[in-house]
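# Structural features, examined
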Amino acid sequence: MYSVYQHWDPLKVCIVGRSYPPEFYSWINKLHVRSLFEKIATETEEDFQNIIKKLQEFGIEILRPDLPADLLVNGKYVPPPMTPRDYTVMVGNTFYTQYGNIDHQIKLFYNRVKDIHWPDCNNLKEFNNLPTHIQDECKNVHQFDQHVFKPNPFNKIVEHIKQHGNAVKTPDNQFISGAMISRIGKDLYFGTDSYQDNQKNTKKQMDLEFVNYRNHIVNTGGHADGTYCPVCPGLIISLNDVPTYADTFPGWEVVYLPGQSWDQVLPFLDLKAKNKGKWWIPGFEHDQDVVDVVETWLGHWTGYVEETVFDVNMLIIDPKNVIVFNYNKQVFDALDRYGITPHIVPFRHRYFWDGGIHCVTSDLHREGTMQDYFKERN
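Every value quoted in this text rests on a predicted model; they were computed, and no experiment measured them.

The next subject is the pattern of salt bridges. Applying the stated criterion across every chain, the model contains 20 salt bridges. In this structure, Asp66 engages Lys156 in a salt bridge whose closest nitrogen and oxygen atoms are separated by 3.8 Å. Of the two residues, Asp66 sits in the loop between strand E2 (61-63) and strand E3 (72-73) while Lys156 sits in helix H5 (residues 155-163), which places them 90 residues apart along the sequence. On the basis of relative accessible area, Asp66 is assigned to the partly exposed category, the value being 29%. Ionic pairing is found between Asp207 and Lys203, a salt bridge with its closest N-O pair at 2.9 Å.

This is how it looks when you write it as structure tokens:
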């Protein structure tokens, strides 16, 4: 049976994402724009293959999702399964997947906003008074709920997991995804969707689902794996100074990388006003054709660039090896102090896809049993 109890235990089975091939972009009329996307597609799969090669060097079995069969729904292209971590996670020996039917997706959304007065659909003023992130979610549900993949690109993977005897659940909570959970033995740490989340309510929900764990909330204000990474017992790499680390990880060293994201993507600021920070292709910040195509057709594919920087978004292979996308002296020095070897595997278009190495993979099986790193909590 597959299981994951600590995300630094030796990795044995892993999902690696998939994007569309170059020929998918034949619908783009402008030649230079189509060529750009064809280049992105080619290089993205090349980089996926390099990730796979590195993982296979460590004897790791690779599974990949299928591409959706229906590519165009109501005038919008269905996004490819680039970032399986955002929608899947193995907790203990239970596999959770956010992919389900449309009714489930809508139910999930309503659970997220149930404490907020729902606007009259015909009352634009009432809708505009909602918080911006709720407006965005409302638009996502009403415009893109039909984009639930048909068939589900993870169907074969789910069947493979079931054959190993694992339970599979479709949770009613967005916090149960690999992007939001840190699995540290008996302790589970859940990030927040925004800094205004009701943390007590989130913890209550997690306590009901994970009754055999100690559950904690870390106020990350977005994907947890884009904010911090517990690399090994005693060491955290963090983008922000999160005040609760002293409580949630008492005594652990925290290496901060303040300003790291913007130091490396300053040209992105030129584009952020146009695309709300969702993607960036270096060298094309002022190409309106590219801006128009991506925002019209592909804008809903991607998340916020701020969530994927150098990076806290790392994939730990085992206690002595970790995959990163690029070099950072501060991080590499910290890893060296703990006897950990970083392996650089570039992902050239990570700022376009908003997919760090942790995002574009999802660990299904690691050797090891549940450990307790904070026994004083019992």
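Residues Thr94 and Tyr96 line one face of strand E6 (residues 94-97) and the alternating positions Phe95 and Thr97 line the opposite face, and both faces are buried. Linking two consecutive strands that pair antiparallel, namely strand E5 (residues 88-91) and E6, is a turn of two residues; a positive phi of about 65 degrees is found at Gly92 within it. Of the strand pairs in this sheet, E6 and strand E7 (residues 167-169) are connected by three bridges, and their pairing is parallel. Across the sheet, the residue bridging to Phe95 is Val168, located in E7.

Attention shifts here to the sheet that holds strand E15 (residues 321-324). Strand order in this open sheet of three strands is E14-E15-E16, and the pairing throughout is mixed. In this open sheet, the two strands that pair with only one neighbour each are strand E14 (315-318) and strand E16 (341-344). Here the average twist between neighbouring strands, direction ignored, is 30 degrees.

Ranked by internal contacts, the top residues of the largest apolar core, which has 40 residues, are Tyr25, Phe37, Ile51, Leu55, Phe347 and Phe352. At the level of secondary structure, the elements contributing two or more residues to this core comprise strand E1 (11-16), helix H1 (31-57), helix H10 (288-298), E14 and helix H12 (350-353). Counting residues per element, this core draws most heavily on H1, at nine residues. Apart from the residues within four sequence positions on either side, Ile51 is in contact with Phe325, Val345, Phe347, Ile357, Val360 and Thr361.

Calculation notes
Residues numbered from 1 in each chain as written. Predicted model: local features only at pLDDT ≥ 70, side-chain atom pairs only at ≥ 80, totals over all residues. Heavy atoms only, no water. Salt bridge = Lys/Arg side-chain N within 4 Å of Asp/Glu carboxyl O. Helix = DSSP H or I, 4+ residues; strand = E, 2+ residues; numbered from the N terminus. Buried < 20%, exposed > 50% of the residue type's maximum accessible area, 1.4 Å probe, protein only. Pairing = 2+ DSSP bridges. Axes fitted to C-alpha atoms, helices over the stretch in contact; angles between N-to-C directions. Core = buried A, V, L, I, M, F, W, Y, C linked by side-chain atoms within 4.5 Å. Contact = heavy atoms within 4.5 Å.

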